[in-house]
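Here are the chains, one letter per residue:
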Amino acid sequence: MQLRTSYEDLCDWVDHSLEAFRLELRTVLFPFFVHCYLELVEGSELEEAATLLRESGEEHMLAHPAEVNLLSLVTAPAHVTSHEFSRRIRDRRFEVALCAHSRDLLTNYLQHRGRTALLTILNNRLTLRVPRLTLPPAPPGGPDGASAQAAEAEAAALATSQLWQGLDEEKLREANKSIE
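All of the points below concern the structure found in this document. None of the values given here were measured: they were computed from a predicted structure. (Residues numbered from 1 in each chain as written. Predicted model: local features only at pLDDT ≥ 70, side-chain atom pairs only at ≥ 80, totals over all residues. Heavy atoms only, no water.)

Some thoughts on unusual backbone geometry
Thinking step 1. One non-glycine residue, Ser 44, lies in the positive phi region at around 60 degrees.
Thinking step 2. Mapping Ser 44 onto the fold places it in the loop between helix 3 (29-42) and helix 4 (46-61). (Helix = DSSP H or I, 4+ residues; strand = E, 2+ residues; numbered from the N terminus.)

Spelled out as structure tokens, the structure:
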């Protein structure tokens, strides 16, 4: 399957993923976009590369305008190794923070859809950093009066901002084991 089509399918899958994971999954699209483009140029699939840049580059212009503009200067296979920007991209790995569930959703999607080219990019060019889960700290001095209310409000705010609501210490340990 064509690399551009695989990338477009990945974008479509992310756009239709569960809302709780969508924003986080969108963070992997730019690294995939950059490496798909460079792979196409390097493989002399210049028309496919130009189409990918034209059709998908615009969505990355808001967050990465300088990078997309520099990428657009890489238009020949020789540029992949001679252009400073593309060399810098190829010499380092993109680091993307994802929760364990988002990581698992992404890798399962790529494996089950047979997206081996994207899996290769993921394995060779990206680092998925999965932060360990922690419980909010206990309030100092125990739960009394105003400090207890403040601690409860802080814990409630933290709980609503995390996907890990309702995890007790045992479930938290189990979730962290799945990360390792």
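Notes on the packing of aromatic side chains
Thinking step 1. On inspection of all chains with the given rule, the structure shows four aromatic pairs.
Thinking step 2. Centroid distance Tyr 7 to Phe 33: 6.0 Å. Interplanar angle 50 degrees. Geometry classified as tilted. Linking Tyr 7 in helix 1 (residues 3-15) with Phe 33 in helix 3, this pair joins segments that are 26 residues apart in sequence.
Thinking step 3. Both rings, one in Phe 30 and one in Phe 94, keep their centres 6.1 Å apart while their planes meet at 85 degrees; by these two values the pair is edge-to-face. Taken together, the residues span a long stretch of sequence, with Phe 30 in helix 3 and Phe 94 in strand 1 (residues 94-97) at a distance of 64 residues. In this structure, Phe 30 and Phe 94 share a single accessibility class: buried.
Thinking step 4. Here the aromatic residues Tyr 7, Phe 30, Phe 33 and Phe 94 are joined through ring pairs into a cluster of three or more.
Thinking step 5. Positioned above the aromatic ring of Phe 94, the side-chain terminus of Arg 92 is 4.9 Å from the ring centre. (Phe/Tyr/Trp six-rings, centres within 6.5 Å; stacked < 30°, edge-to-face > 60°. Buried < 20%, exposed > 50% of the residue type's maximum accessible area, 1.4 Å probe, protein only. Lys NZ or Arg CZ within 6 Å of the ring centre and 35° of its normal.)

So, the side chain of His 60
Thinking step 1. Inspection of the secondary structure assignment puts His 60 in helix 4.
Thinking step 2. For His 60, a relative accessible area of 5% puts it in the buried group.
Thinking step 3. If sequence neighbours within four positions are ignored, His 60 has contacts with Tyr 7, Leu 29, Phe 30, Phe 33, Pro 65 and Val 68. (Contact = heavy atoms within 4.5 Å.)

As for the pairing of strand 1
Thinking step 1. Covered by surrounding structure in strand 1 are Phe 94 and Val 96 only, the residues Glu 95 and Ala 97 on the alternate face being uncovered.
Thinking step 2. Bridge count between strand 1 and strand 2 (residues 126-129): four bridges; the pairing is parallel. Note that in strand 2 the partner of Phe 94 across the bridge is Leu 126. (Pairing = 2+ DSSP bridges.)

Brief notes about the pattern of salt bridges
Thinking step 1. Taken as a whole and judged by the stated rule, the model has eleven salt bridges.
Thinking step 2. Arg 115 serves as the salt-bridge partner of Asp 9, at 2.5 Å between the closest nitrogen and oxygen. You can see Asp 9 sitting in helix 1 and its partner Arg 115 sitting in the loop between helix 8 (100-112) and helix 9 (116-125), a full 106 residues away along the chain.
Thinking step 3. Judged by its relative accessible area of 24%, Asp 9 falls in the partly exposed class.
Thinking step 4. Across the salt bridge formed by Arg 103 and Asp 104, the nearest N and O atoms sit 3.1 Å from each other.
Thinking step 5. What makes Arg 103 buried here is its relative accessible area of 17%.
Thinking step 6. Each of Arg 4, Glu 8, Glu 48 and Glu 55 takes part in a single network of salt bridges with overlapping partners. (Salt bridge = Lys/Arg side-chain N within 4 Å of Asp/Glu carboxyl O.)

Shape descriptors only; they carry no functional weight alone.
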